[in-house]
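A closer look at the structure
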Amino acid sequence: MKKRYNLEFLPRVLIISMIAVVAIYAAFRIGSMNIVDLEQEAEIVYQRIEKALIQSYALEGSYPSEGEFEEKMGKYGVYLDVDKFIFSYHVFASNILPEFFVVPRI
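These figures come from a predicted structure and were not determined experimentally.

Here we come to the overall build of the chain. What the chain contains, in helices and strands, is two helices and two strands. Ordering the α and β elements of the chain from the N terminus gives α-α-β-β. Here the chain holds 106 residues, and 22% of them are scored as buried. Within the chain, contacts between residues separated by at least 24 positions form 49% of all contacts whose residues are at least 6 apart in sequence. Accessible surface for the chain amounts to roughly 8500 Å². Of this, 61% is attributable to carbon and sulfur atoms.

A side chain with one charge can pair with a side chain of the opposite charge if their charged atoms come near. Within the structure shown, the criterion is met by three salt bridges. With its nearest N and O atoms 3.0 Å apart, the salt bridge here joins Glu 41 to Lys 84. One end of the pair, Glu 41, is in helix 1 (residues 10-60); the other, Lys 84, is in the loop between helix 2 (69-75) and strand 1 (85-90), and 43 residues separate them in sequence. A relative accessible area of 30% places Glu 41 in the partly exposed class.

Ile 49, Leu 53, Met 73, Leu 80, Phe 85, Phe 87 and Val 102 are the most contacted members of the largest nonpolar core, which has 17 residues in total. Of all the secondary structure elements, the ones that give two or more residues to this core are helix 1, helix 2, strand 1 and strand 2 (99-104). Broken down by element, the residue count for this core peaks at six residues, all from helix 1. Ignoring any residue separated from it by four or fewer positions in sequence, one finds Met 73 in contact with Ile 49, Ala 52, Leu 53, Val 78 and Leu 80.

In this section: the packing of aromatic side chains. Per the stated rule, a full pass over the model turns up four aromatic pairs. Aromatic side chains Tyr 46 and Phe 100 sit 4.5 Å apart centroid to centroid with 25° between the ring planes, which places their arrangement in the stacked category. On the criterion of sequence distance, the pair formed by Tyr 46 in helix 1 and Phe 100 in strand 2 is long-range, its members being 54 residues apart. On the basis of relative accessible area, Tyr 46 is assigned to the partly exposed category, the value being 28%. Residue classification places Phe 100 among the buried residues on the basis of a relative accessible area of 4%.

Here we take up the side chain of Asp 81. Here Asp 81 shows up in the loop between helix 2 and strand 1. We note that Asp 81 is buried and unpaired, the nearest opposite charge coming from Lys 84 at a distance of 4.8 Å. A distance of 3.2 Å separates a polar atom in the side chain of Asp 81 from the backbone nitrogen of Asp 83.

Turning our attention to the pairing of strand 2. With burial as the criterion, only one face of strand 2 is covered, namely that bearing Phe 100, Val 102 and Pro 104; the residues Glu 99, Phe 101 and Val 103 on the opposite face remain uncovered. Across six bridges, strand 1 lies against strand 2 in antiparallel orientation. Bridge pairing in strand 2 places Ile 86 opposite Val 103.

What counts as what
- Residues numbered from 1 in each chain as written.
- Predicted model: local features only at pLDDT ≥ 70, side-chain atom pairs only at ≥ 80, totals over all residues.
- Heavy atoms only, no water.
- Helix = DSSP H or I, 4+ residues; strand = E, 2+ residues; numbered from the N terminus.
- Buried < 20%, exposed > 50% of the residue type's maximum accessible area, 1.4 Å probe, protein only.
- Contact = heavy atoms within 4.5 Å.
- Areas by Shrake-Rupley, 256 points an atom, 1.4 Å probe, with all protein chains shown as cover.
- Salt bridge = Lys/Arg side-chain N within 4 Å of Asp/Glu carboxyl O.
- Core = buried A, V, L, I, M, F, W, Y, C linked by side-chain atoms within 4.5 Å.
- Phe/Tyr/Trp six-rings, centres within 6.5 Å; stacked < 30°, edge-to-face > 60°.
- Lys, Arg positive; Asp, Glu negative; His and termini not counted.
- Polar contact = N/O pair within 3.5 Å; in protein donor to acceptor, adjacent residues only side chain to side chain.
- Pairing = 2+ DSSP bridges.

Purely spatial values, then, with no claim about function.
Next comes the structure, spelled out in structure tokens:
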């Protein structure tokens, strides 16, 4: 005697599985797009800081010291969002472009 299997639930399982796969894929894509956007924004902030530093040197004759960095960036129109980015700024000499980094907080 052969057993008969009830396959009425199979289409529902397949549909639910497909929806779950699509939802998981979409969640990962959205997460990765946010990281890429944040990295691009960090690059824009980096370029703005670089321009502000050059402008500061041209107008004042020296680059800002580490203690003056945040104040001078505000003076030249650059807002440093410490909630979004980590800023590193190191001065070697007042007449050499300082080493600085902008890293997104992920």
